[in-house]
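This is what each chain is made of:
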Amino acid sequence: MINYQQILSDKLDQLKEKGTYRYFLDVNKSAQHFPHFYFEDASGVKRKAVNWCSNDYLAMSVHEEVISRLSFVTHRSGTGSGGTRNISGTTNFHRSLENLLAALHAKEKSLVFGSAYLANLTALATLGKLMPNAVFISDQDNHASIIEGIKASGNEKIVFPHNDLVALEAILQSIPIDQPKILVFESVYSMSGSIAPMEEMVLLAKQYHALTYLDEVHAVGLYGNTGGGISEQLGLKEGIDLINGTLAKGFGVLGGYIAGSAILIDAIRSFGSGFIFTTSLPPAICAAAAKSIEILMHSNKIRTDYFNQVSRLREFLLFRQIPFIDNPTHITPILIGDELRCKQIADYLLYQLGIYLQPINYPTVAKGEACLRVTITTKHGINEMEQLADALAVALSLYPAQEIKVCAKSNAQ
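Computed from a predicted structure; not experimentally measured.

Analysis parameters
- Residues numbered from 1 in each chain as written.
- Predicted model: local features only at pLDDT ≥ 70, side-chain atom pairs only at ≥ 80, totals over all residues.
- Heavy atoms only, no water.
- Pairing = 2+ DSSP bridges.
- Helix = DSSP H or I, 4+ residues; strand = E, 2+ residues; numbered from the N terminus.
- Contact = heavy atoms within 4.5 Å.
- Axes fitted to C-alpha atoms, helices over the stretch in contact; angles between N-to-C directions.
- Buried < 20%, exposed > 50% of the residue type's maximum accessible area, 1.4 Å probe, protein only.
- Salt bridge = Lys/Arg side-chain N within 4 Å of Asp/Glu carboxyl O.
- Core = buried A, V, L, I, M, F, W, Y, C linked by side-chain atoms within 4.5 Å.
- Phe/Tyr/Trp six-rings, centres within 6.5 Å; stacked < 30°, edge-to-face > 60°.
- Lys NZ or Arg CZ within 6 Å of the ring centre and 35° of its normal.

**Q** What is the right way to read the sheet that holds strand β13 (residues 359–360) from this model?
**A** Sheets are built from strands that pair by backbone hydrogen bonding, the pairs being arranged parallel or antiparallel. Taken together, the three strands give an open sheet; going across it, the order is β11-β14-β13, and neighbouring strands pair in antiparallel fashion. Every interior strand has two partners, whereas the edge strands, β11 (332–337) and β13, have only one. Where β11 lies against strand β14 (residues 370–374), five bridges are found, and the strand directions are antiparallel. Opposite Thr332, over in β14, you have Val374 as the bridge partner. In the packing of helix α13 (residues 339–353) onto the sheet, the strands contacted are β11, β13 and β14, and the crossing angle to β14 comes to about 35 degrees.

**Q** Help me understand the environment of Pro323 in this model?
**A** Tracing the chain through its elements places Pro323 in the loop between α12 (300–319) and β11. We classify Pro323 as buried; its relative accessible area is 7%. Considering only alpha carbons, one finds Pro323 and Ala152, 171 residues apart in sequence, at a separation of 39 Å.

**Q** Just to check I follow, could you spell out the pattern of salt bridges for this structure?
**A** Where charged atoms from two side chains of opposite charge come close, those side chains can pair. For the structure shown, the criterion picks out 14 salt bridges. One salt bridge connects Arg320 with Asp390, and the closest N-O pair in it is separated by 2.8 Å. Remark: Asp390 occurs in helix α14 (residues 382–398) and Arg320 occurs in the loop between α12 and β11; sequence separation between them is 70 residues. Given a relative accessible area of 32%, Asp390 falls into the partly exposed group. Within this structure, Arg85, Arg95 and Glu98 form a network of salt bridges that share partners.

**Q** Can you walk me through the nonpolar core in this structure?
**A** Inside soluble globular proteins, nonpolar side chains tend to come together where they are buried. Within the largest apolar cluster, 88 residues are counted, with the highest numbers of intra-cluster contacts made by Trp52 and Leu372. In terms of residue count, helix α11 (residues 283–297) provides more of this core than any other element does, 11 residues in total. Counting 20 residues, the second-largest nonpolar core is a separate cluster that includes Ala123, Leu124, Ile182 and Ile276.

**Q** Whenever I open this one, the sheet that holds strand β2 (residues 36–40) confuses me. Can you help?
**A** Across the sheet, which stays open at both edges, the four strands sit in the order β1-β2-β3-β12 with mixed pairing between neighbours. Looking along the sheet, the strands with just one partner apiece sit at the ends: β1 (28–29) and β12 (355–356). Where β1 lies against β2, two bridges are found, and the strand directions are antiparallel. Considered in β2, the bridge of Asn28 is made with Tyr38.

**Q** I keep staring at the packing of aromatic side chains and nothing clicks. Help me out?
**A** To describe a pair of aromatic rings, you give the distance between the ring centres and the angle between the ring planes. Enumeration according to the criterion identifies eight aromatic pairs in this entry. Centroid distance Phe37 to Tyr356: 5.7 Å. Interplanar angle 70 degrees. Geometry classified as edge-to-face. Of the two residues, Phe37 is situated in strand β2 and Tyr356 in strand β12; the sequence distance between them amounts to 319 residues. When sorted by exposure, Phe37 lands in the same class as Tyr356, which is buried. Every member of this aromatic cluster is reached through a ring pair, and the members are Phe37, Phe39, Tyr351 and Tyr356. The side chain of Lys16 reaches across the aromatic face of Tyr21, ending 4.8 Å from its centre. One Lys or Arg, Lys46, reaches over the ring of Tyr38 and ends 4.7 Å from the middle of that ring.

Below, the structure is given as structure tokens:
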């Protein structure tokens, strides 16, 4: 007789032994006290901590106008949409949000999904199935949703080393000029904080007749004069064929979307099963997301103040000689390496010093490249920054690595 439970239990035990088993912390989030929160430890003792790993970068999830909009429309339209988009699930709030997103990215149309993961999965799989001879050319560090979307298409895929333009051009040259090809990359890579050489990639794509698909998930809301992402910041919005974004990070609500030409969006809307066969977002969520986008489109000061926060944080880390991966974005990774050591440091920070940094390990990052990814928000103050730097100095000294290099300079804008 087959013991299915034992098979799965053995697999889970292997994760725990390697230090890659994922433990979830029940965060009692407070709109009034964010990023401070309470949680209960294994003994049921109530503890307080500061969240340093949230992707609610601009704290829009606790913005009073966004919350008020969500509450108002919930009372008006109810908690759910009551259907898929093609069966009563398209409301005026969905349409208004899509029009706003299209305008944000200077595109003809946009399409809203339940998450950016689902948007990537559906869009890429659908494009591949509509063009079965198309070749996907994908950056090595692309997100899991991109990898799964391309895999679901069944099309040929060629992976190039992260941000390697020479390798990318060699791949493009190897494919017949008249064969469909789709170049897929991200603007901000969330684990390393690196940015794609987008201008050069767009030029190469145009030269070799490739469709460009850009994931702006960690950039929308934060970059560009109106929050349109790195593509807006570089003046490349019109040079990208399809843009994927999220409503759940910089905009602080929920959902994902794609934006592009009317034909591209209609094709994915009409053939994408991940869009057709799932209940649409609640109208109130769409309304709250639209309010957040409107605020950020007209408040560049929020972005300026935020990146001043990033620079100030890194000054504290440098002063306390905390090693971090230097990059030009808002993400500040601290490379730990060993998964078990990373978990020990994170546990010590949380339970002894009230600092919450979730360990980032395989498969989110490569094996042996576990890290603590620090993400500041607009709600963190100077006292919290100083507390974080001091806490990291203590924790890293208690759990030392063989050799760690300290960054000499911050490039945060």
